[in-house]
Amino acid sequence: MPELPDVEVFRRYLENTALDQPIEKLEVLAEDVVEGVSVEHLRSRAEGRRFRSTDRHGKYLFAELDNRDWLVFHFGMTGYLAYFKEETDKPGHTRALFHFAGGYRLAFVLQRKLGMITLTEDTESFVKGQGLGVDALDKSFGLDDFKRLLRGAKSGIKSALTNQSHIAGIGNIYADEILFQARVNPKALVGRLTDQDLERVFQAMKEVLETAIECQADPTRMPEHYLLPQREEGGTCPRCQSEIKRTRVSGRGGYFCPRCQPG
DNA sequence: ACATTGACCTGAGAGC
DNA sequence: TGCTCTCAGGTCAATG
């Protein structure tokens, strides 16, 4: 689930639910999801504080505490947040649980433990330390920057789009969607794409990510001309009705329309 | 610099 | 029902 649009939806969710409430207790149910700092340290920094603001870079979510520390969340392949009050509403695979004064809780949920929580004093240096590239939806990230970034890349376009040190936020699902909308084959070598191709990919990148956020990253709400709801064996291209094909790029399964996105 | 593979984790679904 | 296999929106390290 958690690519840029999903994480942005989580950010807004946290912003709309958990801000400004005293954190009475931070319960860590799976200690191995805390990275970089000890569980004790994390708890001592968070307990008694409140979430003051949020931020996001690529697939990382930041939540600022009122002591200027930032909690960092990464959701791996299966993570999400859940805000609730009754213990019976606690999701399975809750790995960390913020208990607020007043009885509400915020759960950090991971089925597979591929995500993590950590702490940083400075989000910019955290981003730099992770080697992340520019956020895909950064307002100052324009077409010229995009072309400059990809110029010289020897890889296929899908690999380039999902490389977080180039552009942060795009994963397997949305790379497929972007390339479908841009009518570019996922394996096409970046160096062989025309300026027009790259422009279409750039426009599609912005448009798809923004649209996905508006749709709450929910495939069932996406526009009809989107590939996402058809991402399965035997799916139908919403544009030309051809059969959607499965491919493999860098070990990950992907979907594309062989007719709209010829190789 | 790039692709490929396997590892890290856990669960769902298919096929036998 | 139970077993095995494959796959799943993440990244990272080792290898060619």
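The structure under discussion appears in the preceding block.
Just so it is clear, the model here is predicted, and its values are computed rather than measured.

Peer 1: Sorry if this is basic, but what is going on with the packing of helix H4 (residues 143–150) against helix H7 (residues 195–214) here?
Peer 2: For any two helices packed against each other, the geometry is given by the interaxial angle and the distance between the axes. One way to put it is that H4 packs onto H7 with a least axis distance of 10 Å and a crossing angle of 120°. Note on packing geometry: the crossing formed by H4 with H7 is right-handed. Taken together, the residues of H7 that come into contact with H4 (itself represented by Leu 143, Phe 146, Lys 147 and Leu 150) are Asp 195, Leu 198, Glu 199, Val 201, Phe 202 and Met 205. Considering only residue class, the contact of H4 with H7 consists of 7 nonpolar, no polar and 3 charged.

Peer 1: Help me out: how do you make sense of the pattern of salt bridges in this one?
Peer 2: Scanning the entire structure with this criterion turns up 21 salt bridges. Between Glu 8 and Arg 11 there is a salt bridge, with the nearest N and O atoms lying 2.9 Å from each other. Placement of the pair is Glu 8 and Arg 11 together in helix H1 (residues 4–17), with a separation of 3 residues, close to one helical turn. We classify Glu 8 as buried; its relative accessible area is 8%. Look at Arg 11 and you get buried, because its relative accessible area is 18%. Glu 8 serves as the salt-bridge partner of Arg 56, at 2.8 Å between the closest nitrogen and oxygen. Of this pair, Arg 56 sits in strand S2 (residues 51–57) while Glu 8 sits in helix H1, and the two are 48 residues apart along the sequence. Note on accessibility: Arg 56 and Glu 8 belong to one class, buried. Each of the salt bridges in this network shares a partner with another, and the network as a whole consists of Glu 8, Arg 11, Arg 12, Glu 15, Arg 56 and Asp 135.

Peer 1: Looking at this structure, how should I read the side chain of Arg 56?
Peer 2: For Arg 56, a relative accessible area of 13% corresponds to the buried category. At 2.8 Å, the side chain of Arg 56 forms a polar contact with the side chain of Glu 8. A polar side-chain atom of Arg 56 sits 2.8 Å from a polar atom in the side chain of Asp 135. Leaving out residues up to four positions away in the same chain, Arg 56 has contacts with Leu 4, Val 7, Glu 8, Arg 11, Phe 62 and Asp 135.

Peer 1: Help me out: how do you make sense of the protein's contact with DNA strand B in this one?
Peer 2: Taken together, His 93, Gln 111, Arg 112, Lys 113, Leu 114, Ala 153, Lys 154, Ser 155, Gly 156, Ser 159 and Ser 250 make up the full set of residues near DNA strand B. A distance of 3.5 Å is found between a phosphate oxygen of DNA strand B and a backbone nitrogen or oxygen belonging to Lys 154. Gly 156 places a polar main-chain atom, nitrogen or oxygen, 3.2 Å from a phosphate oxygen of DNA strand B.

Peer 1: Hey, could you run me through the sheet that holds strand S8 (residues 116–120) in this one?
Peer 2: Think of a sheet as strands paired side by side through backbone hydrogen bonds, with each pair either parallel or antiparallel. The strand order across the open sheet built from 4 strands is S2-S3-S4-S8, with neighbouring strands paired in antiparallel fashion. Of all the strands in the sheet, just S2 and S8 have a single pairing partner and so form its edges. Between one strand and the next, the sheet's axes are offset by a mean angle of 25°, whatever the strand orientation. As paired strands, strand S4 (residues 70–74) and S8 are joined by 5 bridges and run antiparallel to one another. By the bridge assignment for S8, Leu 71 is matched with Leu 119. Sheet strands touched by H1: S2 and strand S3 (60–65). Its angle to S2, the strand with the most contacts, is close to 170°. Where helix H2 (residues 39–46) meets the sheet, it contacts S3, S4 and S8, and its direction lies at approximately 65° from that of S8.

The rules we used
Residues numbered from 1 in each chain as written. Chains lettered and ligands numbered in written order. Predicted model: local features only at pLDDT ≥ 70, side-chain atom pairs only at ≥ 80, totals over all residues. Heavy atoms only, no water. Axes fitted to C-alpha atoms, helices over the stretch in contact; angles between N-to-C directions. Helix = DSSP H or I, 4+ residues; strand = E, 2+ residues; numbered from the N terminus. Left-handed = near helix turned anticlockwise from the far one by under 90°. Contact = heavy atoms within 4.5 Å. Nonpolar A, V, L, I, M, F, W, Y, C, P; charged D, E, K, R; others polar. Salt bridge = Lys/Arg side-chain N within 4 Å of Asp/Glu carboxyl O. Buried < 20%, exposed > 50% of the residue type's maximum accessible area, 1.4 Å probe, protein only. Polar contact = N/O pair within 3.5 Å; in protein donor to acceptor, adjacent residues only side chain to side chain. Near = heavy atom within 4 Å. Pairing = 2+ DSSP bridges.

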